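Summary of structural features
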Amino acid sequence: MSQHFLLTAAARTISLKQVLRMDEDEAWTMFCTIRWPESDGAPVCPHCGCPTCWACPRPSGAPRFRCKACRRDFSPTSGTLFAFHKLEIRDYLAAVVIFCDEVKGKAALALSRDLGVQYKTAFVLAHKIREAMAAEFRNRQLGGAGRHVEIDGCYVGGHVRPENRKEDRKDRRLAENRSGRRQVVVVIRERALSGTSLGGTIPAVFDSEDAALGFIKARVDRATTVHADESPAWNALHARFDTRRINHSVEYANAEACTNQAEACFARLRRGEMGHHHHISGAYLIRYAQEASWKEDHRRDSNGLQVRLVIVLVTRTRPSVDFCGYWQRSRAAA
C-alpha cells in the first residue's frame, strides 16, 4: 500500500519551529518577498503603484515606507487583510502555519493558547485567514465540454434538543418543530481530468437546496455533465445540464453517477465541526465551508506551499469586510 501524502517528507516543507526561530526582521523580509515578488521584496506603493519608495521606520523599528510619487506613507501590510495589525508579523506568519497544518480546522481557543493572545484576537485572526481563502473562490467558473461536476448539499445547525421524557418529545422532522436556523451548504466540485491538477470547488450557503439552483446555473458551464443525488431539489438541473443521478438509499456510486468527491468536502467540514468548532452555523457558516473546501482543493500541496498561497491571498485581499472595526462595534459583521 502506498504511503499517504501527509506522511511523506514532500508534505512538510515548512515548520512552526522555523517561523518561531525567525527574528522580526526575517519575518518582515519573508512577508515582503511574498507580497512583492516582482521586485524581490522591494516595496511598491499600494496607493499609486510607484516602485520608488524609501524607508522611514517607526520608532519601534517596524518597517514603514514613503512613496516618492504620492508622498504617502505605508507599511508592508497596508491595504491587506493584516492592515492595522497589533501583533508582531512573526505571530501572524505562525498563525498561518498553524492554520494550514490543521487539516480539519483549528479552534480559536486553541489558537489563542498557541499565540498567547485573547480568544477574540484569535477568533478574528482565524476568520481573516478564512476570508483570504475565500478570495480564491470569487468569480470561479467550473465545468465545460467533457468535464464532470458533482453537486450535493449538507444541512448544518439549528439543532433542537429533545425533551427528557419520551411522551414530551416532538417530531423534529416537521417544519413547525424546527428552530428555523438550519442552513444547507451546497458544494459544486469539478472532477480533475486524468494527469491534471485537482478539480476546483465552490461552496455556498442557502436556506434550502432549491434556493441553490440559480447559483449553480451561474457558476457551471452549460456543456458540463452534472452528477447529483436523489434529492428532488436537483430535478430542475435536467432542463439545463446532462444530469446523472445516484440514489443513495440503494447505492453510494455506480458506473454512471457518483457524488463522493463533493461529500468529501462535507466530511472535512463535519470533522471540523465535531472535533474543533462545535458550533459553526449562522453568519459565519460560509467561512467554515470555504475553509474546508480550500483545504480539500489543496490537500496534495505541501504545507509550505499552502502557507505561501494563503499569504499571497492575504496580500491581495483588502482589509476585512467582516471584522474591520467589528470588536469596536463601529460596524456589524457581514
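Please read these numbers as outputs of a predicted model, since none were measured by experiment.

**A few points about unusual backbone geometry**
- Here the phi dihedral of Arg71 falls at roughly 65 degrees; this positive angle occurs in a residue that is not glycine.
- Structurally, the position occupied by Arg71 is in the loop between strand E2 (65-67) and strand E3 (73-74).
- Even without a glycine there, the phi angle at His278 is positive, about 70 degrees.

**A short note on the sheet that holds strand E4 (residues 148-156)**
- Pairing within the open sheet is mixed, and its five strands lie in the order E6-E5-E4-E7-E8. The open sheet is flanked by strand E6 (201-206) and strand E8 (242-246), the only strands paired with a single partner. Pairwise comparison of adjacent strand axes, ignoring direction, gives a mean angle of 25 degrees for this sheet.
- By the bridge criterion, three bridges tie E4 to strand E7 (residues 225-229) in an arrangement that is parallel. If you follow Val149 over to E7, its bridge partner there is Val226.
- Lying over the sheet, helix H7 (residues 260-277) contacts E4, strand E5 (183-190) and E6, oriented at roughly 30 degrees with respect to E4.
- The strands touched by helix H8 (residues 285-297) within the sheet are E4, E5 and E6, with E6 carrying the most contacts at an inclination of about 165 degrees.

**Digging into the packing of H7 against H8**
- Where H7 contacts H8, the axes come no closer than 9 Å and their chain directions differ by 125 degrees. Taken together, the axes of H7 and H8 are oblique relative to one another. In this structure, the crossing between H7 and H8 has a hand that is right-handed. Within the contact between the two elements, H7 uses Ala264, Cys265, Arg268, Leu269 and His277 and H8 uses Tyr288, Ala289, Glu291, Ala292, Ser293, Lys295 and Glu296.

**Some remarks on the pairing of E5**
- Among the eight residues in E5, eight count as buried, and that is most of the element.
- Relative to E6, E5 runs antiparallel, the two being bridged by six bridges. The partner of Val184 across the bridge, within E6, is Phe206.

**As for the nonpolar core**
- Ranked by size, the top nonpolar core spans 37 residues in total, and within it Phe82, Val96, Leu115 and Val310 carry the most contacts.
- Among the secondary structure elements, those contributing two or more residues to this core are helix H2 (24-35), helix H3 (89-101), helix H4 (108-115), helix H5 (119-134) and helix H9 (303-316).
- Here this core gets 10 residues from one element, more than from any other, and that element is H3.
- Residues contacting Leu115, with those up to four places away along its chain left out, are Asp91, Ala94, Ala95, Ile98 and Leu125.
- Listed in part, the 20 residues of the second largest apolar core include Ile151, Phe215, Ala228 and Trp234.

**Considerations on the sheet that holds E2**
- Pairing is antiparallel across the open sheet formed by three strands, whose spatial order is E1-E2-E3. Edge positions in the sheet fall to strand E1 (53-55) and E3, since each of these pairs with one other strand and no more.
- Note that E1 and E2 share three bridges and pair antiparallel. Bridging across to E2, Trp54 finds its partner in Arg66.

**Things to note about the packing of aromatic side chains**
- Inspection of every chain in the model, using the stated rule, returns nine aromatic pairs.
- Here the aromatic rings of Tyr284 and Phe323 are separated by 5.9 Å at their centres, their planes lie at 20 degrees, and the arrangement is stacked. Placement of the pair is Tyr284 in the loop between H7 and H8 and Phe323 in the segment after H9, with a sequence separation of 39 residues. Taken as a pair, Tyr284 and Phe323 share a single burial class, namely buried.
- Counting every residue linked through ring pairs, the aromatic cluster contains Tyr119, Phe123, Tyr284 and Phe323.
- Taking NZ or CZ as reference, Lys295 lies 4.8 Å from the ring centre of Phe99, over its face.

**Points about H7**
- When the terminal C-alpha atoms of H7 are compared, their 24 Å separation across 18 residues agrees well with the 26 Å that a helix rising 1.5 Å per residue should span.
- Listing the buried residues of H7 in full gives Ala262, Cys265, Phe266, Arg268, Leu269, Gly272, Glu273 and His277. Seen along its axis, H7 keeps its buried residues to an arc of 155 degrees; they face one direction. Of the exposed residues in H7, the ones pointing more than 90 degrees away from its buried face are Arg271 and Met274.
- Buried residues along H7 sit against H5, E4, E5, E6 and H8.

**Considerations on the pattern of salt bridges**
- For the structure on display, the rule yields 17 salt bridges.
- Put simply, Arg90 and Glu88 hold a salt bridge, and the shortest N to O gap is 3.0 Å.
- For Arg90, a relative accessible area of 21% gives the class partly exposed.
- In this structure Glu88 comes out as partly exposed when scored by relative accessible area, which is 38%.
- Of the charged contacts, one joins Arg140 and Glu136 as a salt bridge, the two residues approaching to 3.5 Å between their closest N and O atoms.
- What makes Arg140 buried here is its relative accessible area of 17%.
- Residue classification places Glu136 among the partly exposed residues on the basis of a relative accessible area of 21%.
- Connected through salt bridges with shared partners, the residues Arg189, Arg268, Glu296 and Arg299 form a single ionic network.

How each quantity is defined
Residues numbered from 1 in each chain as written. Predicted model: local features only at pLDDT ≥ 70, side-chain atom pairs only at ≥ 80, totals over all residues. Heavy atoms only, no water. Helix = DSSP H or I, 4+ residues; strand = E, 2+ residues; numbered from the N terminus. Pairing = 2+ DSSP bridges. Axes fitted to C-alpha atoms, helices over the stretch in contact; angles between N-to-C directions. Contact = heavy atoms within 4.5 Å. Parallel < 35°, antiparallel > 145°, perpendicular 65-115°, else oblique. Left-handed = near helix turned anticlockwise from the far one by under 90°. Buried < 20%, exposed > 50% of the residue type's maximum accessible area, 1.4 Å probe, protein only. Core = buried A, V, L, I, M, F, W, Y, C linked by side-chain atoms within 4.5 Å. Phe/Tyr/Trp six-rings, centres within 6.5 Å; stacked < 30°, edge-to-face > 60°. Lys NZ or Arg CZ within 6 Å of the ring centre and 35° of its normal. Expected span 1.5 Å × (residues − 1). Arc of directions from axis to C-beta. Salt bridge = Lys/Arg side-chain N within 4 Å of Asp/Glu carboxyl O.

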